[in-house]
Structures are given as structure tokens and as C-alpha cells.
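Examination of the molecular architecture
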Amino acid sequence: MDFDSLINGLGGHTLDGLFRGSVYALVALGYTMVYGVMRLINFAHSEVFMVGTWTVLGVYTVLGAGEGSGTMMVIAATALALVCAMAASATVALGVERIAYRPLRKKNAPPLIFLITAIGCSLALMETFGYVLKVFFGEPFGRAPVNIPSPLRTSALIEIGDFRLTNVHVLVIVGAIVMMFALDTFVNKSRIGRGVRAVAQDPDTASLMGVNQDRVIMMVFVLGGAMAGVAALLYTVQYDITSWSAGFLMGIKAFTAAVLGGIGNLRGALVGGLILGIVEVYFSTLFDSSWQNVWAFIVLVLVLMFRPTGLLGESLGKARA
Amino acid sequence: MLLQLEDAVLTYGKIEALHGISIEVDEGEVVALIGANGAGKTSTMRALSGIRGLASGKIVFNGEDVTRLRADQRMRRGLVLTPEGRGIFPGMTVTENLDMGAYTRKDRAAIAQDLERAFGLFPRLQERRKQVAGTLSGGEQQMLAIGRALMSRPKLLMLDEPSMGLAPMIIQQIFQIISEIAQQGTTILVVEQNAKQALSRADRAYVLETGNIVKAGTGAALLDDPSIREAYLGVA
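Only a predicted model underlies this, so the values are computations on that prediction, with no experimental measurement involved.

We now examine the sheet that holds strand S7 (residues 156-160) of chain B. Residues and elements named next belong to chain B. An order of S6-S7-S8-S3-S9-S10 is seen for the six strands of this open sheet, with the pairing classed as mixed. At either end of the open sheet lies a strand with only one pairing partner, and these are strand S6 (79-82) and strand S10 (212-218). Neighbour to neighbour, the strand axes of the sheet diverge by 15 degrees on average, direction disregarded. Examined bridge by bridge, strand S9 (residues 204-209) and S10 share six bridges and lie antiparallel to one another. Bridge pairing links Tyr206 to Ala216 in S10. Along the sheet, helix H6 (residues 138-150) contacts S6 and S7; its crossing angle with S6, the most-contacted strand, is approximately 170 degrees.

Written out as C-alpha cells, the structure is:
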């Protein structure tokens, strides 16, 4: 146990935790929203994120953006990558809903069938990037991880001892929080957002009020997908890498974040993501950093044992009490 | 006829809950549907509102066959149900709940007017307009559910057990308001276990027993019917 290095570098570690946690939170929104309106854990959501990271790679490749790019190119490439990743992830999320889930809903399939279908979609998407696309296009698709050289150069904005705040930190944390507030406002203030909340609280009564459930569900997949697209860009900025299985760990961590905050609860996803990020960094410092991926599982088990409704509770689930 | 339900059969899996019932509601009427627990009253409401599809039969509303339409599409045509157990949104405020009633409308000025009208009808709701609806009393929740339904300007307002779980004094109050709404020109179909209240307020009524209509007539006639008095009004 290395308390000294945790205490000495507390500021830096906390910053690092928020940095990781904000991406977890963005992905967690997709789990939480879909769960809120459909009571379904959408296991395919991790691959919605994965597709976003590949889209970022695609945009950089097409534009020829890389480590040596000029300022204009950096801004243009980043902005375009953001928009394309959001669009691609939203499209994949919507595709899964239309092709896989909606036909099941029309047949009144039991929840277990949805869950198995979700896992099936997840596998199909992973294998698309790990195998199918490689057969047609060769590299960079396939099983090997791929570098995504981010055109964004890291430069320190503030440096005090070990504490180093960089432009990338600011971009990721501020970007994630801005997106989350935008989403929260949309769901609480807009008309379709009211429809979303109504379906989450009581689907039958919502349709009696004239809410078209299919439209609300589509909206939820599009919004969750777009947030996963934002997360995908921020993730590539952090780690400069992706792979066909990049969604797997991210999915588990984001799901943990959603459960930790209270699944179905948008603000819970933010709180859960940030706390999980910080826990991960603190404990990786205290113990061995090779254990870093274990903490999310431990948190998940502890939450499910002692507070299954999460820290903020299932706010959209009050109707089910 | 504003509403015609013809030979409606409704099933839950292998169990048949409605065995081919027919109901008619004319414009301006207050029609009651009475019956014991499990007679199929709520199933009838679910079928009419579109929450549950019919196995066979036909629903014609305002001259249009709506049998195959979804609940939200029927609602847009003015066929509005306040469900059993009130179905308020517990996590929304009173005002947000009322606004949900106007979800399909875009005429903001008229919506604001209707909101004032709902508050006029239910002053208690105005006092609690910012309160989260889950914290209201049962009677207040029923008022909210009726007020919310009115916000959609229904052609036909269907009420499923508005008296459920309420104290006798509150029941009186709720039924008075229902009569008031009817006098203002809204057609009403009300399902009730409280047969006395329902029959004394209704123009016509149907009696439902284990999935069949066993009697129909004017509210006054059914109130005087000895078999009805014995079975539903507790008078020998």
C-alpha cells in the first residue's frame, strides 16, 4: 500500500480520475437512458462506443491528420471527428433498435429474449470489426489493436510540482460535462424529453397521453448513441488506441458507473462515472496499477450487494415502487 | 354514435376475459359500466383505449374504425382514458402532469387557458401546482388524473374506477365534478364498482358479469331493478 504517493500526488490523481471518469459517465448515459424507458440493459451499447472510436480513426485517416498537423487542421479534424463519431454511433444504436429490439417488442417477447439479443448484437458488431471488415478491407481491421495518432498535441496549462493540468484534460472533462448538461436540459425541458420521462415512469399511461413509444425509444437510442460517440472521441484523445474489443472493458465500467449512480438516473450516470474514475486511479496508486481494471468489478459487486438502487436512486423508476 | 364497440373478444393468453361484448355511447351521454371485481370492466377500458388489442371485434369511434390503431393514435382522435389506479406520473410536478395531458397539442395560448380551467375545477391542484405528484393524497391524484385528461380536450372521456380507494366524502366530490364536466358538454364513459353513484349520475348503463353484458338500460331503470339492487347495491 503506497499511501505516500497517493497523498503527495492527490491533486494529480484526482484530476486523472475525473479525466477517466468523464468518459465512463458519457457512455453510462446510454445504458441508463435505455434502461429508463425499456428496462433493458443494452449490452450492444459498448459496441456503439467502439464504432465511434473507429469512426474517429477513419476521419483522421481521410483528412491525413496526425501528430504533425497545423492548428487549423487540428481543430477541423477534431470537430469533424466529433460530429462523425456522434453520427456513426447514433446510427448504429438506432440500427440495433430498429433491426433487433423493435420486432421483439411487437411480439411482446419476454425480457430474457431482449437480453440475449443484446449480447448477440454486441458479438456481431465486435466480429464485424475483428473479422468481417478485415476479410474485405484488410488492415487496420482485425484482432490487433490500432493506433489512433491524435492530432491534438498535449501541452501543460498549469504545472505545480507533480500536478499537471493539460489542454487534453480540459477538453475531455469540460467537453463531457457540457454534453451531459445539454442532455439533462433537453430531457427536462423539451417536449419529447417530457415524453421520455413519461414513458420511463409509466409506459401505458404515457401512450394514453398520446406519447408515441416507438418514437421516444428511437430518441433515446439516438441520444445515448451520440453521447457514446462523444465519449469515443474523448477516449481516443486520451489513449490514442482502439481495437475490435475496445468496447468490452469500457462497457463494463460504464455499466458499473450507471449502476453506481442509480440506473435510470441521468445525473446518477455523471456522479457514478466520476466516482468510478477516481476510485480506479486512487486504488491503482495504492495497490498495483496492473489491477486497475479489477476495481470497477469490485465496485459493481459492492453496489449490488449493499445499495442496488445506486447512490442517487432510480429516479425515473419511482413509478414502479 | 360517438363510440361503438362490437362483439369484442379480449384474451390474456388462453384466458378469455371478454366474450364478445357490445357497447354504444352517443354524443353528450354519460354512460356507466358497472360490475363486480373481475367482471371485465378494466379489460373493456384497456381494449377501448388501445392498451390491449382485441382478439376479434371492432371499435368505431367518431365514424372511424380505430380497432387497429395504437393507444397514442386513438388519444389524438379524442378517445381519452384515465386509467385504473389513476396513472399519474409520480416523479413529475402537478403542473408537469397536467401539461402531459396537452402533450399532443401545440396551441400554447389555448393550453394555458385549459390549465387555468383545470385549476378552476380543482383549486386544490392549484395550491399544489409545484408539488411532486407522487406525494399527493389519493383524492388529489384522482383530481389530477381527471384534470390531465381534460387538458387533451377529449371527445370521449373514459374513467376507470374514479372512486377506487377514496373516502366516501371524496367520492361524492369526484362524482360531482364528473357531472359538471358532463354538463359542460364532454361525453363520458365511466367504469365503476360503486354502482349507486354511477347509476344515479348516468344516462344509461351496462352491467358486466364475467365478460358478458347481462343487462343494459337507463341509469334510473337499473337503480330500480330488483336483481341489480340485490347484487350491486346491497339492498334486498
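Between chain B and chain A, the residue contacts involve 22 residues of the former and 19 residues of the latter. The contact between chain B and chain A buries some 2,000 Å² in all, and 59% of this surface belongs to carbon and sulfur atoms. The interface formed by chain B and chain A holds one salt bridge in total. With its nearest N and O atoms 3.0 Å apart, the salt bridge here joins A:Arg197 to B:Glu96. Mapped onto the side of chain B that touches chain A, the elements with two or more residues apiece are helix H1 (41-49), helix H2 (71-76) and helix H3 (94-101) of chain B. Its residues assigned to classes, the side of chain B that touches chain A shows 10 nonpolar, five polar and seven charged.

All names here are of chain A. Applying the stated criterion to the full structure yields 14 aromatic pairs over all chains. When the centroid spacing of 6.3 Å and the interplanar angle of 55 degrees are considered together, the rings of Phe137 and Phe141 count as tilted. With 6.2 Å between their ring centres and 10 degrees between their planes, Phe283 and Phe287 make a pair best called stacked. Put simply, the rings of Trp54, Phe129, Phe136, Phe137 and Phe141 pair up and form one aromatic cluster. Cation over ring: Arg143 sits above Trp244, and NZ or CZ is 4.4 Å from the ring centre.

Right, let's get into the pattern of salt bridges. All names here are of chain A. The tally for this structure, following the rule as stated, stands at 20 salt bridges over all chains. Across the salt bridge formed by Glu127 and Arg143, the nearest N and O atoms sit 2.7 Å from each other. Pair noted here: Glu127 is in helix H5 (residues 111-137) and Arg143 is in the loop between H5 and strand S1 (146-147), with a separation of 16 residues, a long-range link. On the basis of relative accessible area, Arg143 is assigned to the partly exposed category, the value being 41%. A salt bridge links Arg267 to Asp184; its shortest N-O distance comes to 2.6 Å. Taken together, the residues span a long stretch of sequence, with Arg267 in helix H11 (residues 266-286) and Asp184 in helix H6 (residues 167-189) at a distance of 83 residues. Judged by its relative accessible area of 11%, Asp184 falls in the buried class. Here the salt bridges do not stand alone but share partners, grouping Glu97, Arg102, Arg105, Lys106 and Asp214 into one network.

What counts and what doesn't
- Residues numbered from 1 in each chain as written.
- Chains lettered and ligands numbered in written order.
- Predicted model: local features only at pLDDT ≥ 70, side-chain atom pairs only at ≥ 80, totals over all residues.
- Heavy atoms only, no water.
- Pairing = 2+ DSSP bridges.
- Helix = DSSP H or I, 4+ residues; strand = E, 2+ residues; numbered from the N terminus.
- Axes fitted to C-alpha atoms, helices over the stretch in contact; angles between N-to-C directions.
- Contact = heavy atoms within 4.5 Å.
- Buried area = accessible area lost by both parts, 1.4 Å probe.
- Salt bridge = Lys/Arg side-chain N within 4 Å of Asp/Glu carboxyl O.
- Nonpolar A, V, L, I, M, F, W, Y, C, P; charged D, E, K, R; others polar.
- Phe/Tyr/Trp six-rings, centres within 6.5 Å; stacked < 30°, edge-to-face > 60°.
- Lys NZ or Arg CZ within 6 Å of the ring centre and 35° of its normal.
- Buried < 20%, exposed > 50% of the residue type's maximum accessible area, 1.4 Å probe, protein only.

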